[in-house]
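This is what each chain is made of:
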Amino acid sequence: MLDFIKIDRLIYSALEEDMPFSDITTEFTVSEGSISKARLVAKQDGVIAGMPVFKRVFELLNPEINIEIYIGDGSEARKGDVIARLKGPTREILIGERTGLNILQRLSGIATAAANYVRLVEGFNVKIADTRKTTPGLRYLEKYAVRMGGGSNHRFSLSDGVMIKDNHIVAAGGIKNAVAAVRGNIPHTVKIEVETENLDMVREALDAQADIIMLDNMSNEMMAAAVDMIGGRALTEASGDMDEDRIRSVAATGVDIISVGRLTHSVKAMDISLKFYEQ
C-alpha cells in the first residue's frame, strides 16, 4: 500500500521544480474553461508501475480531471496499448503532463527491468533484490517499482538493518570485532549482514554468526564454494556487476539472494506518451 503523505510531498516538489511561477506557454495558448481528452499510450512493451502516483499528480492539480485506468501496476502493457484515458481542464492536464510521465516512465522502466531479471532466474530458489543505489528523493517509489516487477527489496535505509561493509571492517579491526560491537548495541530483531570478498572472510563471518553473508564481486566458482561452506547457517547474497548475461549462472551457485544495483541506478525509462484527441 502506497503512503500518499510521502508521495504528495514528492509530487509538490516535482511540480514546483517544473513550474516555479507558472506555465507561461499554457497560460497564453489555452483558454480558461477549455476541456480536453487524452490517451496514455505504451510506446514499447513493459511492466507498468506508478499509475496511482500518475493519477495523484492530476488530482492535486485539479480534482475535476477524470482518469480511467485500463492497465494497472504490476501488469504488462504491449506497444500500442492504451494504459489510461484522461478528461478534464486542459490547462492542468498540460501542467501535470511531464511530472506525471517522468514518474510513470521511470517506475515502469524499473518494474520492467525487475521482471526481466526475475524471468531470467526462473527455476531457481533465489530472490532478485534492489540496493540503495537509487535516485535521491525517489527511493520509496523506486523500490515500490521493483516489487511491481516481482523483485524484492533490500534495506530501505541505513536504519533498517546492519550491513558491515569493507570500510566498516577496516575501521573496526576485522569482521569479528565489527559484528561483536554491533550485536551488543542493536535489538535482537535486527539482522546482521557482512560483506565478504574471499573464502577466508566468509569463514570469519560464519564464526561471528552473521545472519546474512554477502558474496561480493566473487567468481561463480568461489560463490559456489562459499555457499557450500556456509551450508545454510546463514543466508547468502550475491552482489557485484550482476548483469543479465551472468544472472542465471549466479543463481545456479545456490545463493539465496542476488542484489542488482542496476535495477535503479541505470535503468532505462519505459517509453510512454500522453496524446490529446478529439471525439
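Above this text sits the structure in question.
No experiment lies behind these values; they were computed from the predicted model shown. All residue numbers here refer to positions counted from 1 along the written sequence of the relevant chain. It should be noted that, the model being predicted, local features are given only for residues of pLDDT at least 70 and side-chain atom pairs only at 80 or more, the latter also being counted only at that level, while totals for whole chains, interfaces and linings use all residues. Excluding hydrogens and water, the side-chain values take into account all heavy atoms of the structure.

Visitor: I'd like a rundown of the packing of aromatic side chains, residues and numbers included.
Guide: Pairs were defined over the aromatic rings of Phe, Tyr and Trp, the Trp ring being its six-membered one, requiring ring centres within 6.5 Å. Orientation was assigned from the angle between planes: stacked under 30 degrees, edge-to-face over 60, tilted for the rest. Overall, the coordinates contain 1 aromatic pair when judged by the stated rule. We count a charge as sitting over a ring when the NZ of a lysine or the CZ of an arginine lies within 6 Å of the ring centre and within 35 degrees of the ring normal. In this structure, Arg 39 is placed above the aromatic ring of Tyr 277, and the distance from its NZ or CZ to the ring centre is 3.8 Å. Across the ring face of Phe 156, the terminal group of Lys 143 is positioned such that the distance to the ring centre comes to 5.3 Å.

Visitor: Explain the pairing of strand β10 (residues 235-239) to me, using residue names and the numbers behind them.
Guide: For β10, a buried count of 4 out of 5 residues is recorded, marking the element as mostly surrounded by other parts of the structure. For a crossover, the right-handed case is the one in which the path from the first strand over the helix to the second runs clockwise, viewed with the strands pointing away from the viewer. Secondary structure elements follow DSSP: runs of H or I of four or more residues count as helices, runs of E of two or more count as strands, with numbering from the N terminus. One crossover worth recording links strand β9 (residues 212-216) to the parallel β10 by way of helix α9 (residues 220-230), and it is right-handed. Strands qualify as paired when DSSP identifies two bridges or more between them. Where β10 lies against strand β11 (residues 257-259), 2 bridges are found, and the strand directions are parallel. Counted as the bridge partner of Glu 237 is Ile 257 from β11. Three exposure classes are used, based on accessible area relative to the maximum for each residue type with a 1.4 Å probe and protein chains only: buried under 20%, partly exposed in between, and exposed over 50%.

Visitor: For the packing of helix α1 (residues 4-18) against helix α4 (residues 90-120), give the residues involved together with the corresponding values.
Guide: Here the axes come from fitting lines to C-alpha atoms, over the contacting stretch only for helices, and the angles between their N-to-C directions go from 0 to 180 degrees. Across the interface, α1 lies against α4 with an axial gap of 10 Å and an inter-helix angle of 125 degrees. Taken together, the axis directions place α1 and α4 in an arrangement best described as oblique. Read as a crossing pair, α1 and α4 show a hand that is right-handed. Note on element contacts: α4 touches α1 through Ile 95, Arg 98, Thr 99 and Ile 103, opposite Leu 10, Ala 14, Leu 15 and Asp 18. Residue polarity is assigned by list, with Asp, Glu, Lys and Arg as charged and Ala, Val, Leu, Ile, Met, Phe, Trp, Tyr, Cys and Pro as nonpolar; anything else, Gly included, falls into the polar class. Here the residues of the contact of α1 with α4 sort into 5 nonpolar, 1 polar and 2 charged. By the definition adopted for this analysis, an angle is roughly parallel if under 35 degrees, roughly antiparallel if over 145, roughly perpendicular if from 65 to 115, and oblique otherwise. Crossing handedness is read from the near helix: turned anticlockwise from the far helix by less than a right angle, it gives a left-handed crossing, and turned clockwise, a right-handed one. Whether two residues are in contact is decided by their heavy atoms, any of which lying within 4.5 Å being enough.

Visitor: Tell me what's going on with the packing of helix α8 (residues 199-207) against α9, and back it up with residues and numbers.
Guide: With their axes 10 Å apart at the nearest point, α8 and α9 run at an angle of 25 degrees to one another. With respect to α9, the axis of α8 lies roughly parallel. For the crossing formed where α8 meets α9, the hand is right-handed. In this structure, α8 contributes Leu 199, Val 202, Arg 203 and Leu 206 to the contact, and α9 contributes Met 222, Ala 225, Ala 226, Met 229 and Ile 230. A breakdown of the residues in the contact of α8 with α9 according to their chemical character gives 8 nonpolar, no polar and 1 charged.

Visitor: Tell me about the pairing of strand β1 (residues 35-42), and please be specific about residues and values.
Guide: Examined bridge by bridge, β1 and strand β5 (residues 82-89) share 7 bridges and lie antiparallel to one another. Directly across from Ser 36, in β5, lies its bridge partner Gly 88. Where β1 lies against strand β12 (residues 272-277), 6 bridges are found, and the strand directions are antiparallel. Its bridge partner being in β12, Arg 39 is matched across the sheet by Lys 275.

Visitor: Mind laying out the pattern of salt bridges, listing which residues take part and the relevant values?
Guide: Here the idea is simple: oppositely charged side chains can pair when their charged atoms come close. Note on definitions: salt bridges are taken to be side-chain nitrogens of Lys or Arg within 4 Å of carboxyl oxygens of Asp or Glu. In total, this model carries 10 salt bridges according to the counting rule given. For the salt bridge of Glu 142 with Arg 106, the shortest nitrogen-to-oxygen distance reads 2.6 Å. With a gap of 36 residues between them, Glu 142 in helix α5 (residues 139-148) and Arg 106 in helix α4 connect regions that are remote in the sequence. For the salt bridge of Lys 165 with Glu 195, the shortest nitrogen-to-oxygen distance reads 3.0 Å. Of this pair, Lys 165 sits in the loop between β7 (162-164) and α6 (166-172) while Glu 195 sits in strand β8 (residues 192-196), and the two are 30 residues apart along the sequence. Connected via shared salt-bridge partners are Asp 8, Arg 56 and Glu 59.

Visitor: Describe the environment of Phe 28, listing the residues and the values that go with them.
Guide: Inspection of the secondary structure puts Phe 28 in helix α2 (residues 24-29). In this structure, the C-alpha to C-alpha distance between Phe 28 and Arg 132, residues 104 residues apart in sequence, is 43 Å.

Visitor: Please set out the sheet that holds β9 residue by residue, giving values where relevant.
Guide: Strand order across the open sheet formed by 6 strands is β6-β11-β10-β9-β8-β7, with parallel pairing between neighbours. Edge strands, defined here as strands with exactly one partner in the open sheet, are β6 (127-129) and β7. The average undirected angle you get between the axes of adjacent strands in this sheet is 25 degrees. Pairing of β9 with β10, which is carried by 5 bridges, proceeds in the parallel orientation. The residue bridging Ile 212 from the neighbouring strand is Leu 235, located in β10. Each of β7 and β8 touches helix α7 (residues 175-183); the most contacted strand, β8, lies at about 165 degrees to it.

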